[in-house]
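Analysis of the macromolecular model
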Amino acid sequence: LDTEKQWDVSILAFYDNYDCMGSELNDGRPIESGHYSSSRVPAGAFDGNNSTLWGGDGDEDGLLWLGMEFDIFAQIKCVSILDISGRGVTELRVQAWQTSTATWQNALISKDLQSGQRKNINLSHRTNIISHCPQGFKLRHSVCTDTVSEMFQF
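The paragraphs below set out a description of the structure included in this document.

The rules behind the values
Within every chain, residues take consecutive numbers counted from 1 along the sequence as written. Whole-chain, interface and lining totals are the exception, using all residues; otherwise, since this is a predicted model, local features are given only for residues with pLDDT of at least 70 and side-chain atom pairs are given and counted only at 80 or more. Water and hydrogen atoms play no part in the side-chain values, which are based on all heavy atoms of the structure. The nonpolar core is taken to be a set of buried Ala, Val, Leu, Ile, Met, Phe, Trp, Tyr and Cys residues, with the residues joined through side-chain atoms within 4.5 Å. With a 1.4 Å probe rolled over the protein chains alone, any residue whose accessible area is under 20% of its type maximum counts as buried; one over 50% counts as exposed, and the rest are partly exposed. In this text, helices come from DSSP runs of H or I with a minimum length of four residues, and strands from runs of E with a minimum of two, each type numbered from the N-terminal end. Residue contacts follow a heavy-atom distance rule, with two residues in contact if any of their heavy atoms lie within 4.5 Å. The rule for a salt bridge is simple: a side-chain nitrogen of Lys or Arg has to be within 4 Å of a carboxyl oxygen of Asp or Glu. The criterion for strand pairing is that DSSP finds at least two bridges linking the strands in question. Convention adopted: a line fitted to C-alpha atoms gives each axis, helices being fitted over their contacting stretch, and angles between N-to-C directions are expressed from 0 to 180 degrees. Identification of polar contacts relies on pairs of N or O atoms within 3.5 Å, with a donor-acceptor requirement for protein atoms, meaning one able to donate a hydrogen and the other able to accept it, and with residues adjacent in sequence counted only if both atoms are side-chain atoms. Stacked, tilted and edge-to-face pairs are distinguished by plane angle, under 30 degrees for stacked and over 60 for edge-to-face with tilted covering the rest, among Phe, Tyr and Trp rings (Trp via its six-membered ring) whose centres lie within 6.5 Å.

A few words on the nonpolar core. Formed by 22 residues in total, the largest nonpolar core has its most connected members in Trp7, Val9, Leu12 and Phe14. Those elements giving two or more residues to this core turn out to be β1 (6–15), α1 (43–46), β4 (66–69), β5 (78–83) and β6 (92–98). The dominant element in this core, judged by the number of residues it contributes, is β1, at four residues. Beyond its immediate sequence surroundings of up to four residues, Val9 is in contact with Ala45, Leu53, Trp54, Leu66, Ile81, Leu82 and Asp83.

Given below as C-alpha cells:
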C-alpha cells in the first residue's frame with residue numbers, strides 16, 4: 001500500500017477474454033474488507049465510472065481486499081484494475097475461496113505494480129506461475145477453485 005491503512009480503487013473489472021476488452025463480467029456480488037466512507041462502497045469500483053471509487057479500509061486483521069462473488073461459474077481470463085495514485089498497491093493477490101477449509105488461498109501474485117496506472121492482468125500468461133493448486137483445489141480456467149460458487153478477491 002502507498003498509504004498505511006486505505007486503498008482507493010476506481011475500476012475493477014473481470015473479463016472472459018484475455019485482452020480485457022468488451023463486456024465486463026459484473027453480474028456477481030461485490031465483496032470487500034470494509035470501506036472508510038458511506039460514499040466509497042465496493043459498487044463504486046465495479047460501475048465502470050472513473051469518478052466513483054471504492055475506499056478500502058482494512059478488515060479485522062488489517063488486510064484490504066476487494067472482489068466479486070459469482071453465483072454461477074464465471075470464466076475469468078483477464079482482470080483490469082485502476083487504483084488512485086498515492087492510494088494504491090504495489091502487489092496484488094488473486095485468491096480463490098477453499099470451501100473445505102473456509103479460507104482464501106493464493107492463486108496468483110502480481111508484483112511491482114504502480115498505483116495510478118491501469119493494470120490489465122491476463123490470466124493466461126500466469127498459468128505457468130500456478131504450477132499446482134493448494135490441496136483441495138482444481139485448476140480451472142487459470143484459477144484455483146473448489147466450488148461452483150466462485151469468489152475472487154484482490
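Here we take up the pattern of salt bridges. Overall, the coordinates contain four salt bridges when judged by the stated rule. Asp8 is the salt-bridge partner of Arg87, the closest N and O atoms lying 2.6 Å from each other. Remark: Asp8 occurs in strand β1 and Arg87 occurs in the loop between β5 and β6; sequence separation between them is 79 residues. One salt bridge in this structure joins Lys119 and Asp83, with 3.3 Å as the shortest N-O distance. Here Asp83 lies in strand β5 and Lys119 lies in strand β8 (residues 119–122), a separation of 36 residues in the sequence.

Before going further, it helps to spend a moment on the sheet that holds strand β3 (residues 54–57). Sheet architecture is open: four strands sit in the order β3-β1-β5-β8, paired in antiparallel fashion. Edge strands, defined here as strands with exactly one partner in the open sheet, are β3 and β8. Averaged over neighbouring strand pairs, the angle between their axes works out to 35° when direction is ignored. In this sheet, β5 lies alongside β1 in antiparallel orientation, the contact comprising six bridges. Bridging across to β5, Leu12 finds its partner in Ile81.

What makes Lys119 buried here is its relative accessible area of 8%. Within the structure, the side chain of Lys119 is placed 2.7 Å from the backbone oxygen of Gln117, a separation counted as a polar contact. Apart from residues lying up to four places away in sequence, Lys119 is in contact with Val79, Ser80, Ile81, Asp83, Leu113 and Gln114.

Another point: the environment of Asp27. Along the chain, Asp27 turns up in the loop between β1 and β2 (29–32). The exposed category is assigned to Asp27, whose relative accessible area is 61%. Along the primary structure Asp27 and Phe70 are separated by 43 residues, whereas in three dimensions their C-alpha atoms are 7.3 Å apart. Residue contacts for Asp27: discarding those within four places in its chain leaves Met68 and Phe70.

Here we come to the packing of aromatic side chains. Across all of its chains, the model carries two aromatic pairs by this definition. Aromatic pair Trp7 and Trp54: ring centres 5.6 Å apart, planes at 80°, arrangement edge-to-face. Of the two residues, Trp7 is situated in strand β1 and Trp54 in strand β3; the sequence distance between them amounts to 47 residues. Each member of the pair Trp7 and Trp54 is classed as buried. Consider the rings of Phe14 and Phe46, whose centres lie 6.2 Å apart with planes at 25°: the pair is stacked. Pair noted here: Phe14 is in strand β1 and Phe46 is in helix α1, with a separation of 32 residues, a long-range link.

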